[in-house]
Amino acid sequence: MSSEKAGKPLVRVDGLAATLADGREILSDVSFEVGQGEIVALIGESGSGKTTTALALLGYATPGVTLSGLVEVCGHQVLELDEGELRAVRGRAIGYVPQDPPSALNPTMRVKKLIRSILTAHPDRDAGPEAISAALRRVDLPADDAFQRRFPHQLSGGQQQRLAIGAALAASPSAVVFDEPTTGLDLLTQAVVIREIRSLRERLNVSMVYVSHDLRVVADLADRVCVMYDGSIVECGPTAQVLNNPVHPYTRSLIEAVPDHRRSIVGGARVAEPPGAEPAAAQQDRRLLEVDSLRASYHTGGRQVPILDGVDLKIAIGERVAIAGQSGSGKTTLTRCLSGLVTADEGNMLFENRELKRSLRQRTQHELRSIQVVFQNPTSSLNPRLTVGEIVGRPVQLGDSRARRQAMKESVDRALELVELPTSVASRRPGELSGGQRQRVMIASALAAQPRLLICDEITSALDVSVQARIVAMLRRLSDELDLALLFVSHDLGVIGDIAHRTAVLQAGRVVEDRPTAELFADPHNDYTRRLLQAADELGGHLRHAAVNQ
């Protein structure tokens, strides 16, 4: 659908600028329109201005930022409204779906109260039981009393995202801003959410501004796309036209950076043979980690709920093994059991041919240093009060409290150089860095301990494709140069295809398939693996076609 066919645009942005207190512009002359029932995507790397532009549609700017220009939504001149008038427009004329529902949804509010709070903010909207039930049914959520009494943390990731969408649509706005709504979701849940968004557009004729760094989702969903770079729109047009015939070099680089699991099948493996691809005797000498019949569970309401159910896994020195599976399959619990952060109920683990205790407190200093974890969200993992040098230097002191200052500085500098960061970053704090830089600091902190095994838990899921590609290339290099084994947890099969020698597929706490990555992608043996690959094929199909046509 084009804005011309849709008649008068529902959303119109003309000459939008955002200026910091020191006069620097972070947005410059941003202009676009969204027609009735049209989906327009804003894409670009972190810091390009996507979210600042999207939030401007709701009249919101972060402290210290001044907005200017024209922002018109459903006839309202948004930038000319006072706070009271903006409250009336938000939710009623334009809704907002946040990137991270677990942190955006009020954890103290039950589902029923959360929806009612949005409806009561608009006096002309019915906030009765039927209106609340209708808001839930609209996004295919249960409307029974038991579900409405749940808190957000009692819902699955997909249910949380649909609740956020239902809340945004509760007051029946004419337009909705989606801010990275599928980031961090597994492929199967992601497919459900995308189908839900497409269905809502068709049923309600709602206009949508879709902010994303995932070009595969945009290719599948958006009518038009605006490519943002350094605070400006550098290319804009129908999605198929922009992706099939990109004009701007930056757009071409974004498309080229998108990971595609099918490349490892059609074009051959993207990674070299693993160190374990040797005669049996040599493989025995290169064993690093062996896991046998690992079980883990948690207790709730007086009952035991299994999470891991007899997991077997082997990792050789320098080998890169991926763990794939949807949310709730046990991927993160497995990484926490291996690192000792969660004590497994049963099972045996061998590390460097010696027994690895399930409890963190029973492990030796050598084992603590040898197994390091890089977590998904560097923003919440990094202490904002410490400098980068202090963060990276902490693991160096593990087991050696007498480390001298000069030796510490040398170790920090070496770790930063390994992750391709300038040593000058050591004096800065996490808040001064980009998302990609913060993730590199997390990796540098882990490398400073000189580990044998690096566990990466969804570390690229929130990164834009260009930064993601650089991080993956860096990890491959580090693995090869340092003979460093990687356990790479991800729901993105494209990224897995770019980095992993071997992939283990986890379903409901069990490994259902564990084979060389290229072989597994080309000929999956398990029905669940086939479902994951089918979801990835459907998601990346439009963009794969565009890449072929370039």
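Residues numbered from 1 in each chain as written. Predicted model: local features only at pLDDT ≥ 70, side-chain atom pairs only at ≥ 80, totals over all residues. Heavy atoms only, no water.

Where an unreviewed UniProt entry is consulted, the chain appears under the name ABC transporter ATP-binding protein, with the organism given as Mycolicibacterium confluentis. Looking at the Sequence similarities (unreviewed entry) heading of the UniProt record, one finds this comment for the chain: "Belongs to the ABC transporter superfamily." (UniProt positions renumbered as here; feature names shortened; annotations may be inferred.)

J.: How should the domain arrangement of the chain be read in this particular structure?
T.: One widely used convention gives an interface's size as the accessible area the parts lose upon coming together. Taken domain by domain, the chain holds domain 1 (11–93 + 175–258), domain 2 (109–172) and domain 3 (288–540). Using only C-alpha atoms to locate each centre, domain 2 and domain 3 end up separated by 36 Å. (Domains from an automatic or database assignment.)

J.: Where do I start with the sheet that holds strand β19 (residues 502–507) in this structure?
T.: Hydrogen bonds along the backbone pair up the strands of a sheet, which may run parallel or antiparallel. A sheet is described by the order of its strands in space; here six strands give the open sequence β16-β17-β18-β13-β19-β20, paired in mixed fashion. Strands at the two margins of the open sheet, each flanked by one partner only, are β16 (371–374) and β20 (510–516). Adjacent strand axes in the sheet meet at a mean angle of 20 degrees when their direction is disregarded. Sheet topology note: the strand β13 (residues 320–324)/strand β18 (residues 485–489) ladder contains four bridges and is parallel. The residue of β18 that forms the bridge with R320 is L486. The sheet contacts of helix α14 (residues 331–339) involve β13, β16, β17 (453–457), β18 and β19, and relative to β17 the element is tilted by about 150 degrees. (Pairing = 2+ DSSP bridges. Helix = DSSP H or I, 4+ residues; strand = E, 2+ residues; numbered from the N terminus. Axes fitted to C-alpha atoms, helices over the stretch in contact; angles between N-to-C directions. Contact = heavy atoms within 4.5 Å.)

J.: Help me understand empty space enclosed by the protein, please; the structure alone is not making it clear to me.
T.: In this approach a probe as big as a water molecule rolls over the atoms, and the regions it shows empty are the leftover space. Tallied over the full model, the rule gives three cavities of 30 Å³ or more. Within this model, the largest cavity holds a volume of roughly 160 Å³. Mapped by element, the contributors of at least two residues to the lining of the largest cavity are α8 (187–204) and α20 (465–482). Per-class residue counts for the lining of the largest cavity are three nonpolar, ten polar and four charged. A domain split of the lining of the largest cavity shows at least three residues from each of domain 1 (11–93 + 175–258) and domain 3 (288–540). (1 Å grid on protein atoms, 1.4 Å probe; cavity = no way out; pocket = protein on both sides within 12 Å on 5 of 7 lines; lining within 4 Å. Points joined across faces, edges and corners; volume = space filled by probe spheres on them. Nonpolar A, V, L, I, M, F, W, Y, C, P; charged D, E, K, R; others polar.)

J.: Help me out: how do you make sense of the side chain of S466 in this one?
T.: Note that S466 resides in helix α20. Accessibility expressed as a relative area gives 10% for S466, which makes it buried. A polar contact of 3.2 Å, which involves the side chain of S466, links it to the side chain of E45. S466 has contacts with E45, L254 and A257, leaving out every residue within four places of it along the chain. (Buried < 20%, exposed > 50% of the residue type's maximum accessible area, 1.4 Å probe, protein only. Polar contact = N/O pair within 3.5 Å; in protein donor to acceptor, adjacent residues only side chain to side chain.)

J.: Explain the layout of surface pockets to me, please; I cannot follow it from the model alone.
T.: In this structure, the second largest pocket encloses a volume near 610 Å³. Lining the second largest pocket are 21 residues; nearest its centre among them are Q372, V373, F375, P395 and S445. Elements with a contribution of two residues or more to the lining of the second largest pocket: α15 (365–370), β16 and α19 (435–447).

J.: So what exactly am I meant to see when it comes to unusual backbone geometry here?
T.: Even without a glycine there, the phi angle at S172 is positive, about 55 degrees. Here S172 shows up in the loop between α7 (157–169) and β7 (175–179). Despite not being glycine, E458 shows a phi value in the positive range, around 55 degrees. Inspection of the secondary structure puts E458 in the loop between β17 and α20.

J.: Just checking my understanding: could you explain the sheet that holds strand β11 (residues 287–300) for this structure?
T.: Strand order across the open sheet formed by four strands is β12-β11-β14-β15, with antiparallel pairing between neighbours. The open sheet terminates on both sides in strands that have one partner only, identified here as β12 (303–316) and β15 (354–355). Sheet topology note: the β11/β12 ladder contains eleven bridges and is antiparallel. Directly across from A296, in β12, lies its bridge partner L308.

J.: Even after reading the chapter, I still don't get a negative patch on the surface, so can you show me in this structure?
T.: A surface patch of like charges, here negative, comprises D14, E25, D29 and E33. Looking at the negative patch element by element, the count peaks at three residues for strand β2 (residues 25–34). With respect to the helices and strands, the residue E33 is situated in strand β2. Classification of E33 as partly exposed rests on a relative accessible area of 31%. (Patch = residues over 30% accessible without salt bridge, like charges linked within 9 Å, V, L, I, M, F, W, Y side chains within 5 Å. Areas by Shrake-Rupley, 256 points an atom, 1.4 Å probe, with all protein chains shown as cover. Salt bridge = Lys/Arg side-chain N within 4 Å of Asp/Glu carboxyl O. Lys, Arg positive; Asp, Glu negative; His and termini not counted. Charge placed at Lys NZ, Arg CZ, Asp CG, Glu CD.)

J.: Can you walk me through the environment of Q148 in this structure?
T.: Note on placement: Q148 falls in helix α6 (residues 145–148). Residues contacting Q148, with those up to four places away along its chain left out, are R110, V111, K112, I132, S133, L136 and A143.

J.: Just to check I follow, could you spell out the nonpolar core for this structure?
T.: Here is a general trend for soluble globular proteins: nonpolar side chains tend to be buried in one another's company. In this structure, V392, I443, L454, L475 and L493 are the most contacted members of the largest nonpolar core, which totals 52 residues. Aside from chain neighbours lying at most four places away, what touches V392 is V412, A415, L416, V441, A444, S445 and A448. One finds L114, A135, L141 and I197 within the second-largest nonpolar core, a separate group that totals 51 residues. (Core = buried A, V, L, I, M, F, W, Y, C linked by side-chain atoms within 4.5 Å.)

J.: Looking at this model, I keep getting lost on α7. Mind explaining?
T.: Owing to its 3.6 residues per turn, the α-helix aligns residues three or four sequence positions apart on the same side. With 13 residues, α7 extends 19 Å between its outermost C-alpha atoms, agreeing within 8% with the 18 Å of an ideal straight helix rising 1.5 Å per residue. The buried count for α7 comes to twelve of 13 residues, which makes it a mostly enclosed element. For α7, every residue scored as buried is listed here: G158, Q159, Q160, Q161, R162, L163, A164, I165, G166, A167, A168 and L169. (Expected span 1.5 Å × (residues − 1).)

J.: Hey, could you run me through the side chain of E367 in this one?
T.: For E367, the location among the structural elements is in helix α15. Comment: no salt bridge for buried E367; closest opposite-charge side chain is R354, at 5.3 Å. Non-local contacts of E367, meaning those with residues more than four positions away in its chain, are made with E355 and L356.

J.: Please clarify how the pairing of β19 should be interpreted in this entry.
T.: Sheet faces and side chains relate simply in a regular strand, where the side chains alternate between the two faces. For β19, the tally of buried residues reaches five of six residues, placing the bulk of the element in the interior. Here four bridges tie β13 to β19, and the two strands are oriented parallel to one another. If you follow A324 over to β19, its bridge partner there is V505. Bridging between β19 and β20 involves six bridges; their strand directions are antiparallel.

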